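What the coordinates show
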Amino acid sequence: MSSPNDLPQTLMVIGAGQMGSGIAQVAAASGITVLLHDVSASSIQKGLAAITKQLSRSVDKGKLTEERKAEILSRIQPAEQLEQAAQAELVIEAVTEQLELKASLLRRLEEICPPQVIFASNTSSLPITELAAVTGRPSRVIGMHFMNPVPVMPLVEVIRGLETSQDVFEAVRALAMHMGKTPVEVNDFPGFVSNRILMPMINEAVYTVYEGVATAEAVDQVMKLGMNHPMGPLELADFIGLDTCLSIMDILYEGFKDPKYRPCPLLRKYVKAGRLGRKTGQGFYRYDG
């Protein structure tokens, strides 16, 4: 990607979980070869199985042909070795939302990838400037925050770090558009735009339950019927993962030092109890099967 008009022929997605597999799917569907990497071969295969299931569902609904499904899958190559990132022109990391984990990964990529390679982070709230600073190429590090579920949601927040170059910003914006997404430019502040607005709303919903104002069901019903939200904030929190919500609230609280971002004690209690939402079968609601 020597100019903003160039699109990567090959990109690596690191992290084959829900976000990473979704990013790999939409990139492959746009005609780009994707190297999908994770910590183990089984994790990569689990990600590929999730992509296959998602595409099969589209075939069943008549939105996709079997031929198109096979074409998309053929562009996604399992990459068990991180060193294969040297083959990519752009790397998108979608690993767990932990600053040191992401920083450690970027340090390793710095040693592997040629200097022109762009590093994009799918972080939902961590500072891009701080991540970029651990590399020798801060001008080529950028945030590319996809929404969940990636194949469905059109938004990508494109976050400039302090040193991100205009060429890199333009190249990543063009890539997002090529992948069928709508890029929105955002500057590097805790939570960016999406989570700076969404997470305090979820946190306040948790407080209304904590303080006995209403049940979780009642809070969600008010927001769905009164505010026309497709999903109530507590149901949405369960979908996102309560541990993720707590992590983002902690980042906002630490970043701004403002008490309005203090995580609700009930949210922290649920996370400590392992009630993380849909992925554990229980959060504010129970999920059987």
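Residues numbered from 1 in each chain as written. Predicted model: local features only at pLDDT ≥ 70, side-chain atom pairs only at ≥ 80, totals over all residues. Heavy atoms only, no water.

Which entries qualify depends on this criterion: UniProt positions are given in the numbering used here, feature names are shortened, and annotations may be inferred rather than shown by experiment.
The name given to the protein chain in an unreviewed UniProt entry is 3-hydroxybutyryl-CoA dehydrogenase, and the organism recorded there is Paenibacillus cremeus. Here is the UniProt Sequence similarities (unreviewed entry) comment for the protein chain, exactly as written: "Belongs to the 3-hydroxyacyl-CoA dehydrogenase family." Taken directly from UniProt, the Pathway (unreviewed entry) text for the protein chain runs: "Lipid metabolism; butanoate metabolism."

1. Looking at the overall build of the protein chain
Applied cut-off: Strands are runs of DSSP state E lasting at least two residues, helices are runs of H or I lasting at least four, and both sets are numbered from the N terminus onward. For the radius of gyration, the atoms used are the C-alpha atoms, and the globule rule reads 2.2 Å times the number of residues raised to 0.38. When a residue's accessible area, from a 1.4 Å probe over protein chains only, is under 20% of the maximum for its type it is buried; when over 50% it is exposed; and in between it is partly exposed. Throughout, a residue-residue contact means that at least one pair of heavy atoms, one from each residue, lies within 4.5 Å. What sets the accessible areas is the Shrake-Rupley method with a 1.4 Å probe; for residues, cover comes only from the shown protein chains. When charges are counted, Lys and Arg are positive and Asp and Glu negative, with His and the chain ends excluded. The atoms used to mark charge sites are NZ of Lys, CZ of Arg, CG of Asp and CD of Glu.
Regarding its fold elements, the protein chain presents 11 helices and 8 strands. Compactness check: the protein chain gives a C-alpha radius of gyration of 19 Å against a globular reference of 19 Å for 289 residues, within 12% of the reference. Over its C-alpha atoms, taken along the principal directions, the protein chain stretches across nearly 55 × 45 × 35 Å. For the protein chain, with 289 residues in total, the buried portion stands at 48%. Taking the contacts inside the protein chain whose residues are at least 6 apart along the sequence as the reference set, 66% of them involve residues at least 24 apart. A total of about 13600 Å² of accessible surface is found on the protein chain, and carbon and sulfur atoms cover 53% of it. Both charge centroids of the protein chain, one from 28 positive and one from 32 negative side chains, sit 5 Å from each other.

2. Here we look at the packing of aromatic side chains
Applicable threshold: When two rings of Phe, Tyr or Trp (its six-membered ring) have centres within 6.5 Å they constitute a pair, described as stacked for plane angles under 30 degrees, edge-to-face for angles over 60, and tilted for the intermediate range. Charge over a ring is defined by NZ of Lys or CZ of Arg lying within 6 Å of the ring centre and within 35 degrees of the ring normal.
Scanning all chains against the criterion turns up 3 aromatic pairs. Above the ring of F169, the side-chain terminus of R160 is found at 4.1 Å from the ring centroid. Across the ring face of Y270, the terminal group of R275 is positioned such that the distance to the ring centre comes to 4.2 Å.

3. Quick notes on the state of the cysteines
Filter applied, for reference: Count a disulfide wherever a pair of cysteine sulfur atoms falls within 2.5 Å.
Taken as a whole and judged by the stated rule, the model has 0 disulfides. Of the cysteine sulfurs around C245, a residue in no disulfide, the closest is that of C264, at 12 Å. A relative accessible area of 0% means that C264 is categorised as buried.

4. A word on helix α1 (residues 18–29)
In an α-helix, one turn spans 3.6 residues; hence positions three or four apart end up facing the same way. Put simply, the rule reads: A helix is expected to reach a length of 1.5 Å times the quantity of its residues less one.
For α1, built from 12 residues, the straight-helix expectation of 16 Å at 1.5 Å per residue is met to within 8% by its first-to-last C-alpha distance of 17 Å. Of all the residues in α1, the buried ones are M19, G20, S21, G22, I23, A24, Q25, V26, A27 and A28.

5. What to know about the UniProt feature "binding site: NAD(+)" (unreviewed entry) in the protein chain
UniProt marks G15, A16, G17, Q18, M19, G20, D38, E97, K102, S124, N148 and K279 with the feature "binding site: NAD(+)" (unreviewed entry), using the numbering shown here. Annotated residues spanning 265 residues; largest pairwise C-alpha distance 22.5 Å, indicating distribution over more than one region. Relative to the helices and strands, G15 is located in the loop between β1 (10–14) and α1. We classify G15 as buried; its relative accessible area is 6%.

6. Observations concerning the UniProt feature "domain: 3-hydroxyacyl-CoA dehydrogenase C-terminal" (unreviewed entry) in the protein chain
If you check UniProt for "domain: 3-hydroxyacyl-CoA dehydrogenase C-terminal" (unreviewed entry), the listed places come out as residues 191–287 in our numbering. The span residues 191–287 carries 62% helix and 0% strand; its end-to-end C-alpha distance comes to 28 Å.

7. Some points on the sheet that holds strand β4 (residues 90–93)
Note the threshold: For two strands to be treated as a pair, DSSP must find at least two bridges joining them. Working convention: axes come from line fits to C-alpha atoms, limited for helices to the stretch in contact. Angles between N-to-C directions cover 0 to 180 degrees.
The strand order across the open sheet formed by 8 strands is β3-β2-β1-β4-β5-β6-β7-β8, and the pairing between neighbours is mixed. Looking along the sheet, the strands with just one partner apiece sit at the ends: β3 (76–78) and β8 (182–187). Each strand axis lies, on average, 25 degrees off the axis of its neighbour in the sheet, ignoring direction. In terms of strand pairing, strand β2 (residues 33–37) meets β3 through 3 bridges, oriented parallel. Directly across from L36, in β3, lies its bridge partner P78. Of the strands in this sheet, β1, β4, β5 (118–121), β6 (141–146), β7 (155–160) and β8 are in contact with helix α6 (residues 166–178), which crosses β6 at around 25 degrees.

8. Describing the domain arrangement of the protein chain
The following threshold applies: Annotation comment: domain bounds sourced from an automatic or database domain assignment. Once two parts are joined, some of their accessible surface, as seen by a 1.4 Å probe, is lost; buried area is that loss totalled over both. For this document, the term salt bridge refers to a Lys or Arg side-chain nitrogen within 4 Å of an Asp or Glu carboxyl oxygen. N or O atoms within 3.5 Å of each other form a polar contact, as long as, within protein, one can give a hydrogen and the other can take it, and as long as residues adjacent in sequence are counted only when both atoms are side-chain atoms. When residue character is reported, Ala, Val, Leu, Ile, Met, Phe, Trp, Tyr, Cys and Pro are called nonpolar, Asp, Glu, Lys and Arg charged, and the others, Gly included, polar.
Looking at the protein chain, the domain boundaries give domain 1 (10–187) and domain 2 (195–280). Domain 1 and domain 2 are separated by 27 Å when their C-alpha centres are compared. With 7 residues of domain 1 in contact, the opposing surface of domain 2 contributes 5 residues. Across the interface of domain 1 and domain 2, roughly 490 Å² is buried in total on both sides, 56% from carbon and sulfur atoms. Here domain 1 and domain 2 share 0 salt bridges between them. Run the count over domain 1 and domain 2 and you get 1 residue pair in polar contact (both at pLDDT 80 or more). Within the side of domain 1 that touches domain 2, the residues separate by chemical class into 2 nonpolar, 4 polar and 1 charged.

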